[in-house]
Amino acid sequence: MAWTCPECGKTFAKDNQSHICVKVDPISLFQNKAPQLPALFEQVLEKVAEFCKFQVTASTKSVTLYGKAHRSFLVLKPKMKWIDIWFSLTREVDEFPIYKVQAYSRTKFVHYVRLEDEE
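I will try to describe carefully the structure that is included in this document.

### Here's the deal with the overall build of the protein chain
Across its full length, the protein chain holds 1 helix and 8 strands. Tracing the protein chain from N to C terminus, the helices and strands come up as β-β-α-β-β-β-β-β-β. Taking 119 residues into account, the globule formula puts the C-alpha radius of gyration at 14 Å, and the protein chain, at 15 Å, falls close to it. Structurally, the protein chain occupies a C-alpha span of about 40 × 35 × 25 Å along its principal axes. Residues counted as buried form 34% of the 119 residues belonging to the protein chain. Element-wise, carbon and sulfur atoms account for 51% of the exposed surface of the protein chain, whose accessible area totals about 8300 Å². If you average the places of the 17 positive and of the 14 negative side-chain charges in the protein chain, the two averages end up 9 Å apart.

Structure, rendered in structure tokens:
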């Protein structure tokens with residue numbers, strides 16, 4: 001059963017799920033960053049929207065996409081010159097553009113991608 005935080009309005013899969021309880025406009029995280037990053041962010045959202053419906057939330061440092069079951073599936077963290085993205089899969093994929101993979105558990109692997117430009 002989904003739970004909605006009474007303070008910030010974010011919806012989660014678990015009751016009282018830990019989170020940063022603050023409302024932030026996702027695009028504000030790209031202020032004072034490389035000029036191409038807001039457009040890259042929008043392109044990522046467009047591509048993901050082709051495959052599934054999601055909710056976008058932002059904390060003070062990152063943007064998280066939540067899927068149908070109110071579980072996060074993609075995190076985007078704007079840096080000065082790029083966007084770091086991470087997501088988990090039930091298998092390890094070690095090919096470009098993935099630059100790092102960490103085993104989170106026996107069945108979950110976190111994959112990291114860095115976006116600097118459209119290519």
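### Looking at helix α1 (residues 37-49)
Between its terminal C-alpha atoms α1 stretches 18 Å, which fits the 18 Å expected from 13 residues at 1.5 Å a residue. Listed as buried for α1 are L37, L40, F41, V44, L45 and V48. Buried residues in α1, looked at end-on, bunch into an arc of 140°, giving them a common side. Seen from the buried face of α1, the exposed residues on the opposite side, beyond 90 degrees, are E46 and K47. For α1, the elements touching its buried residues are β3 (55-58), β4 (63-66), β5 (72-78), β6 (83-89) and β8 (109-115).

### Remarks on the sheet that holds β3
With antiparallel pairing, 6 strands are arranged side by side in an open sheet as β3-β4-β5-β6-β8-β7. A single partner strand is all that each edge strand has here, and the edge strands are β3 and β7 (98-103). Strand after strand, the sheet turns through a mean of 20° between neighbouring axes, direction not considered. Both β4 and β5 contribute to a ladder of 4 bridges, which runs antiparallel. In the sheet register, V63 faces β5, and the bridge partner there is L76. Helix-sheet contacts for α1 involve β3, β4, β5, β6 and β8, and the interaxial angle to β5 is about 170°.

### Some words on a negative patch on the surface
Judged by side-chain charge, E116, D117, E118 and E119 come together as a negatively charged surface patch. Overall, E118 belongs to the exposed group, its relative accessible area being 67%.

### Topic: the pairing of β3
Pairing geometry for β3 and β4, over 4 bridges, is antiparallel. Its bridge partner being in β4, T57 is matched across the sheet by T64. In this antiparallel pair of consecutive strands, β3 and β4, the connection spans 4 residues.

Rules behind the numbers
- Residues numbered from 1 in each chain as written.
- Predicted model: local features only at pLDDT ≥ 70, side-chain atom pairs only at ≥ 80, totals over all residues.
- Heavy atoms only, no water.
- Helix = DSSP H or I, 4+ residues; strand = E, 2+ residues; numbered from the N terminus.
- Rg over C-alpha atoms; globule rule 2.2 N^0.38 Å.
- Buried < 20%, exposed > 50% of the residue type's maximum accessible area, 1.4 Å probe, protein only.
- Areas by Shrake-Rupley, 256 points an atom, 1.4 Å probe, with all protein chains shown as cover.
- Lys, Arg positive; Asp, Glu negative; His and termini not counted.
- Charge placed at Lys NZ, Arg CZ, Asp CG, Glu CD.
- Expected span 1.5 Å × (residues − 1).
- Arc of directions from axis to C-beta.
- Contact = heavy atoms within 4.5 Å.
- Pairing = 2+ DSSP bridges.
- Axes fitted to C-alpha atoms, helices over the stretch in contact; angles between N-to-C directions.
- Patch = residues over 30% accessible without salt bridge, like charges linked within 9 Å, V, L, I, M, F, W, Y side chains within 5 Å.
- Salt bridge = Lys/Arg side-chain N within 4 Å of Asp/Glu carboxyl O.

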